[in-house]
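Residue-level listing of the chains:
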Amino acid sequence: MTRFRENLYKWIFTILAFASLVFLVGIILTLLKEAFPIFAEIKLFKFLLGSQWYPTYEPPDFGILPLILASVLVTFGAMVVAVPIGVGSALYIHELAGETQRAFLKPIIEILAGIPSIVFGFFGMVIVAPFLQKLLGIPTGLNAFTASLVLGIMATPTVCSISEDALSFVPRSFREASLALGANRWQTLMRVVAPAAGSGISTAIILGIGRAVGETMTVLMVAGGAAVIPKSIFDPVRPMTSTIAAEMGEAVMGSPHYSALFAIALILFLITLVINIIAEIISRRYRLKLGLGR
Amino acid sequence: MIVSSKTTKTRDFEFPNAPGQKTLRSKDISQAIGFTVLVLCIVFALMFLGSLIYFIVANGLSVISWEFLTQVPRRAMTQGGVAPAIVGTFYLTLGAIAFSLPLGLACAIYLTEYSPKSIAVNVIRLSINNLAGVPSIVYGLFGFAIFVKVFGFGVSILSGSLTLGIMALPGIISASQEAILAVPQSYKEASLALGATHWQTIKKIVLPTALPGILTGVILNVGRVAGETAPILFTAATFYTRGYPDSIFSEVMALPYHIYALMTEGTRPEVQTQIAYGCSLILLCLVLTISALAIILRQRQRREYGS
């Protein structure tokens, strides 16, 4: 009886443990199924590289190149902000902040990482965009530049806190050896500690990229929403995520537009999947390198 | 930013300054510049985030009143309060946790207590990691296609909660795993040595010991779920309801979606922006209080276990 019950529990947990796999597969299958009809209408190649996105025109145009470029531009811009500031802050917390400051800064950074994206979007829309519009004398504050800035600041706490973890994993002996050889703190930090934490910091950056690519509400509110290929960083753009969020409500179910939006979601999903796998590989190598095991 | 260790040349290995010697060398100058840059980095980050909080608090405070918190909206969202949105967010979050906590806990128990080192475990780990990276809008589409359409739940609290629950699952699993792993091995060994079975040990020893840690992880995820917008765009949220939701199949107002709708719909932008400030402040207070609570609890626990 006892043995039966033991086995029963084991099986229950085993089955429930596969829920994540079921959901992941479910997401993939759903996206594939709903996205499939669009590829009967238009070749994959034309879908990916077409430069016209007019899903509601007659006949409609389903070229998502402007959307992909917008996502790339905004994500790249966000990283230009988030990587130096995030990694710089992590180095500060690791090297310069004293015990008290660190005890205070680390939780603050983590709490800031939890600010909802809609709040960033709102802040970007009502404060940052009008401010930059006036400051730079541009026709609209809602553009790729503003979106990059807001998104970058939003990703900063994440990049910072993962980088800081990576730095704190570097064995003390590395640092002591370097200092003993006569290097000063800055040289030790930049040439010994930071390179040793290099793959951990890369993981932080890659996860930051993943977050920025998939972020929806902030770019929806701040990026401006024009689905044309941007000519400058001050043009309004419409990244993939905000296209889905903005158009899903009006797309007729089962129409080519509807399945085109699912196809965009599928591409987004694949991009983040690749990003995650790269991050996973790098962090595994890193742990092995420092002899931390799995 | 990161200078490879290979660039270190022999000339850098000078003897350190002799005591009393005070010549300023290039490496001291670069250290001074470098450290200044690091200070500027963190100051900029904290200033930007601080100004976000400042503007929202400064503009939101004047909007918030007892009426704002407890009344239903009137006159096309320009008067009255946002109580249904607060209640809606509460229901959605509660539903999401009710769904993902048992599932996440079971998964964490399996991974930490039962898992033989096998391909299955690696597959589960990999899918958890990947699930954690799926963009929120993709969850929204999935929830719409499956819960709203295929299962026929419609745009409802149920669909929204399930969608948010799946999204919270990876976080709940890893938090629970961390908490269970922190239970000292000796506790389990003592229990097994006394003749308790594996399940009895888990139920009576492991879970009660890990409970505070698990709760902390859950609270942290509650904060994240409460602030999400994209997953509920098409699965649960609506701009306006007459009153409060009466069943799990009714659509709801929710704070994050309400902010978005106030900024993009309607006819009186100035009034609506003020209300959106109020909603942002409520949401910010809610989320930040919850995560601050979780983080303080966690630090206290970590100190207790000394890890």
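The structure this text deals with has already been given above.
Only a predicted model underlies this, so the values are computations on that prediction, with no experimental measurement involved. (Residues numbered from 1 in each chain as written. Chains lettered and ligands numbered in written order. Predicted model: local features only at pLDDT ≥ 70, side-chain atom pairs only at ≥ 80, totals over all residues. Heavy atoms only, no water.)

1. Concerning the overall build of chain B
As a reminder of what qualifies: Secondary structure elements are defined from DSSP: runs of H or I of at least 4 residues count as helices, runs of E of at least 2 residues count as strands, and each element is numbered from the N terminus. With a 1.4 Å probe rolled over the protein chains alone, any residue whose accessible area is under 20% of its type maximum counts as buried; one over 50% counts as exposed, and the rest are partly exposed. Note on contacts: a residue pair is in contact if any heavy atoms of the two residues lie within 4.5 Å.
Per the secondary structure count, chain B includes ten helices and two strands. Along chain B, from the amino end to the carboxyl end, the secondary structure elements read α-α-β-β-α-α-α-α-α-α-α-α. Taking all 307 residues of chain B together, the buried fraction comes to 51%. Long-range contacts, defined here as pairs at least 24 residues apart, represent 71% of the contacts in chain B between residues at least 6 apart.

2. Let's talk about the overall build of chain A
Applied cut-off: With residues, only the protein chains shown are counted as cover, and all accessible areas are computed by Shrake-Rupley using a 1.4 Å probe. Counted charges follow a simple rule, with Lys and Arg positive, Asp and Glu negative, and His plus the chain ends left uncounted. A single reference atom marks each charge: NZ on Lys, CZ on Arg, CG on Asp, CD on Glu.
Looking only at helices and strands, chain A features 14 helices and two strands. Seen along its three principal axes, the alpha-carbon backbone of chain A occupies a region of about 75 × 75 × 30 Å. Evaluated residue by residue, chain A yields a buried proportion of 55% over its 294 residues. Of the roughly 12700 Å² of accessible surface on chain A, a fraction of 67% belongs to carbon and sulfur atoms. For chain A, the separation between the mean place of its 21 positive charges and that of its 16 negative charges on side chains is 10 Å.

3. Some thoughts on the environment of A:Ile233
All names here are of chain A. Within the fold, Ile233 resides in the loop between α12 (217–222) and α13 (240–247). Taking relative accessible area as the criterion, Ile233 reaches 34% and is therefore assigned partly exposed. Placed 87 residues apart in sequence, Ile233 and Thr146 show a C-alpha to C-alpha distance of 9.1 Å.

4. Remarks on the interface of chain A and chain B
Our working rule: Any carboxyl oxygen of Asp or Glu within 4 Å of a side-chain nitrogen of Lys or Arg constitutes a salt bridge here. Amino acids are sorted into nonpolar (Ala, Val, Leu, Ile, Met, Phe, Trp, Tyr, Cys and Pro), charged (Asp, Glu, Lys and Arg) and polar (every other residue, Gly among them).
Across the boundary between the two partners, chain A contributes 87 residues, which contact 88 residues of chain B. For the pair chain A and chain B, the interface holds one salt bridge. Ranked by residues supplied to the side of chain A that touches chain B, first place goes to helix α14 (residues 256–289) of chain A with eleven residues. A per-class count over the side of chain A that touches chain B returns 60 nonpolar, 18 polar and nine charged.

5. Digging into the environment of A:Ser242
The topology assignment puts A:Ser242 in helix α13. Those residues in contact with A:Ser242 that lie beyond four places of it in its chain are A:Val219 and A:Leu220.

6. A word on the packing of helix α5 (residues 65–96) of chain A against helix α11 (residues 198–214) of chain A
All names here are of chain A. Threshold: Note on geometry: axes are lines fitted to C-alpha atoms, helical ones only across the stretch in contact, with angles between N-to-C directions running from 0 to 180 degrees. Should the near helix be turned counterclockwise from the far one by less than a right angle, the crossing is left-handed, whereas a clockwise turn marks it as right-handed.
Where α5 meets α11, the axes come as close as 10 Å, and the angle between the chain directions of the two elements is 145 degrees. The way α5 lies across α11 gives a crossing that is right-handed. Seen from α5, the contacting residues are Thr75, Ala78, Met79, Val83 and Val87; seen from α11, they are Ile201, Ile205, Gly208, Ile209, Ala212 and Val213. Taken together, the residues of the contact of α5 with α11 sort by class into nine nonpolar, two polar and no charged.

7. Focus: α5(A)
Residue and element names in this part refer to chain A. Which entries qualify depends on this criterion: The span you would expect from a helix comes to 1.5 Å times its residue count less one. Here the bend at a residue is taken as the angle between two axes, fitted respectively to the seven residues that end there and the seven that start there.
Between its first and last C-alpha, α5 extends 45 Å over 32 residues, near the 46 Å set by a 1.5 Å rise per residue. At Ala82, α5 shows its maximal bend, which comes to roughly 30 degrees, and the proline Pro84 appears one to four places after that position. The element α5 is extensively covered by neighbouring structure, given that 23 of its 32 residues are classed as buried.

8. Some thoughts on the nonpolar core
Here is the rule we go by: Here, nonpolar core refers to any group of buried Ala, Val, Leu, Ile, Met, Phe, Trp, Tyr and Cys residues whose side-chain atoms link them within 4.5 Å.
One finds A:Phe47, A:Trp53, A:Phe122, A:Ile264, B:Ile137 and B:Val138 to be the most contacted residues of the largest nonpolar core, which totals 185 residues. The residues contacting A:Ile264, other than those within four sequence positions of it, are A:Phe47, A:Trp53, A:Ile64, A:Leu67, A:Met240, A:Thr243 and A:Ile244.

9. Considerations on the packing of aromatic side chains
Inclusion rule: Pairing of aromatic side chains requires ring centres within 6.5 Å, counting the rings of Phe and Tyr and the six-membered ring of Trp. Pairs whose planes differ by under 30 degrees are stacked, by over 60 edge-to-face, and all others tilted.
Throughout the structure, instances matching the rule amount to 22 aromatic pairs over all chains. The interplanar angle of 85 degrees and the centroid separation of 5.8 Å between the aromatic rings of A:Trp186 and B:Phe35 together place this pair among those described as edge-to-face. With A:Trp186 in helix α10 (residues 185–196) and B:Phe35 in helix α1 (residues 26–61), this residue pair bridges two chains. In this pair, the class of A:Trp186 matches that of B:Phe35, namely buried. By way of ring pairs, the aromatic residues A:Phe123, B:Phe44, B:Phe48, B:Tyr54 and B:Phe55 are connected into one cluster.

10. Some thoughts on the packing of helix α6 (residues 99–112) of chain A against α1(B)
The criterion, for reference: Angular relationships are summarised with four words: roughly parallel below 35 degrees, roughly antiparallel beyond 145, roughly perpendicular across 65 to 115, and oblique for the angles in between.
Between α6(A) and α1(B), the shortest axis-to-axis distance is 12 Å and the interhelical angle comes to 50 degrees. In terms of orientation, α6(A) and α1(B) fall into the oblique class. In this structure, α6(A) meets α1(B) at a crossing whose hand is left-handed. Seen from α6(A), the contacting residues are A:Leu105, A:Ile108 and A:Leu112; seen from α1(B), they are B:Ile42, B:Leu46, B:Leu49 and B:Ile53. Of the residues assigned to the contact of α6(A) with α1(B), the class counts are seven nonpolar, no polar and no charged.

11. What about the pattern of salt bridges?
Residues and elements named next belong to chain A. Overall, the coordinates contain nine salt bridges over all chains when judged by the stated rule. Residue Glu95 is joined to Arg175 by a salt bridge in which the shortest nitrogen-to-oxygen separation is 2.8 Å. Here Arg175 lies in helix α9 (residues 172–180) and Glu95 lies in helix α5, a separation of 80 residues in the sequence. Given the relative accessible area of 8%, Glu95 is considered buried. Between Glu164 and Lys106 there is a salt bridge, and its shortest N-O distance comes to 2.9 Å.

12. Topic: a nonpolar patch on the surface
Convention followed: Patches draw on residues past 30% relative accessible area with no salt bridge. Two like charges within 9 Å are joined, as are two nonpolar side chains (Val, Leu, Ile, Met, Phe, Trp, Tyr) within 5 Å.
A grouping of A:Phe131, A:Leu135, A:Leu136, A:Ile233 and A:Phe234 is seen on the molecular surface, where their side chains present a nonpolar patch of about 460 Å² in accessible area. With respect to the element layout, A:Phe234 can be found in the loop between α12 and α13.

13. Remarks on the side chain of A:Arg238
Residue and element names in this part refer to chain A. Defined as follows: Under the rule applied, a polar contact is a pair of N or O atoms within 3.5 Å (in protein, one hydrogen donor and one hydrogen acceptor; residues adjacent in sequence only if both atoms are side-chain atoms).
Here Arg238 lies in the loop between α12 and α13. At a separation of 2.4 Å, a polar atom in the side chain of Arg238 contacts the side chain of Glu247. Residue contacts for Arg238: discarding those within four places in its chain leaves Leu67, Ala70, Gly225, Ala226, Ala227, Thr243, Ala246 and Glu247.

14. Focus on the state of the cysteines
Counted only if it meets this: By convention in this document, the label disulfide applies to cysteine sulfur atom pairs within 2.5 Å.
Inspection of the entire model under this criterion finds zero disulfides over all chains. A:Cys160 provides the cysteine sulfur closest to B:Cys41, a residue in no disulfide bond, and the two sulfurs are 9.7 Å apart. Accessibility expressed as a relative area gives 10% for B:Cys41, which makes it buried.

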